[in-house]
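Architecture and fold: a report
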Amino acid sequence: MFQEIKINGITLPRPNDDLVFKDNKMTTEYETEAGTVQVFVRRASKLTVSGNWTLTGKWMEQFRVWAQADTVMVEVYFPSKSELTAHECQFSIGSEKHIRYSRDQLKVDGLYEVSATMEEL
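The structure contained in this document is the topic of the report that follows. Remember, it's a predicted structure, so these values are computed and weren't measured experimentally.

1. Quick notes on the overall build of the chain
The number of helices and strands found in the chain is one helix and seven strands. Long-range pairs, those at least 24 residues apart, make up 59% of the contacts in the chain with a sequence separation of at least 6. With an accessible surface of roughly 8,100 Å², the chain has 46% of that area assigned to carbon and sulfur atoms.

2. As for the nonpolar core
Where a protein is soluble and globular, its nonpolar side chains tend to be buried together. In this structure, Ile5, Ile7, Trp53, Phe63, Val74, Phe91 and Met118 are the most contacted members of the largest nonpolar core, which totals 20 residues. Counting only elements with at least two residues in this core, the list comes to strand E1 (4-7), strand E4 (37-56), helix H1 (57-68), strand E5 (72-78), strand E6 (83-99) and strand E7 (111-120). Here Ile5 is in contact with Ile10, Thr11, Leu12, Leu19, Val49, Val74, Glu75, Val76 and Met118, once residues within four sequence places are set aside.

3. What about the environment of Thr36?
Checked against the element boundaries, Thr36 lands in the loop between strand E3 (20-31) and E4. Setting aside chain neighbours within four positions, we find Thr36 in contact with Tyr30 and Glu31.

4. Concerning the packing of aromatic side chains
The final tally for this structure, using the stated rule, is five aromatic pairs. With a centroid separation of 6.5 Å and an interplanar angle of 85 degrees, the aromatic rings of Trp59 and Phe63 are classed as edge-to-face. Here Trp59 and its partner Phe63 are both found in helix H1, four residues apart, which amounts to about one turn of the helix. Ring centres of Phe63 and Phe91 lie 5.3 Å apart, and the angle between their planes is 85 degrees; on these two criteria the pair is classed as edge-to-face. Here Phe91 lies in strand E6 and Phe63 lies in helix H1, a separation of 28 residues in the sequence. Taking the relative accessible area as the measure of exposure, Phe91 reaches 2% and is therefore buried. Here the aromatic residues Trp53, Trp59, Phe63, Trp66 and Phe91 are joined through ring pairs into a cluster of three or more.

5. So, the side chain of Glu120
Here Glu120 shows up in strand E7. By relative accessible area, which is 12% here, Glu120 ends up buried. One polar contact links Glu120 to His87, side chain to side chain, over a distance of 3.3 Å.

6. Observations concerning the side chain of Thr48
Along the polypeptide, Thr48 turns up in strand E4. With sequence-adjacent residues up to four places away left out, Thr48 is seen in contact with Val20, Phe21, Lys22, Thr117, Met118 and Glu119.

7. Quick look at the environment of Gln68
Following the sequence through the fold, Gln68 ends up in helix H1. According to the relative accessible area criterion, Gln68 is exposed, its value standing at 70%. Taking C-alpha positions, Gln68 is 9.8 Å from Ile93, a pair spaced 25 residues apart along the chain.

So, how was this worked out
- Residues numbered from 1 in each chain as written.
- Predicted model: local features only at pLDDT ≥ 70, side-chain atom pairs only at ≥ 80, totals over all residues.
- Heavy atoms only, no water.
- Helix = DSSP H or I, 4+ residues; strand = E, 2+ residues; numbered from the N terminus.
- Contact = heavy atoms within 4.5 Å.
- Areas by Shrake-Rupley, 256 points an atom, 1.4 Å probe, with all protein chains shown as cover.
- Core = buried A, V, L, I, M, F, W, Y, C linked by side-chain atoms within 4.5 Å.
- Buried < 20%, exposed > 50% of the residue type's maximum accessible area, 1.4 Å probe, protein only.
- Phe/Tyr/Trp six-rings, centres within 6.5 Å; stacked < 30°, edge-to-face > 60°.
- Polar contact = N/O pair within 3.5 Å; in protein donor to acceptor, adjacent residues only side chain to side chain.

Dropping the structure here:
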């Protein structure tokens, strides 16, 4: 199921596959002198979103701008929960590959296959 995702207010194009969402609990565990384990939850969750896209040259330029920025604001809509959440994330490009030109895309520098990850700070 596709979840809508926006970066700095711009809706991303549909990814090639379903986006991968990870929502990890940030905890620290300590063993006490009595041998019991104490768990401190530093944070309820940390969102990580990753996906693969086929993009035009114009979109690829935008992805590069986001990757060079310190942080981006990622808004994610989860249809199952009917809620939109905003997260301050770091955007990184895992891989990018220029693929052959399409007749329709010659004016915008061809097409790119790119994988990207947005990790909440």
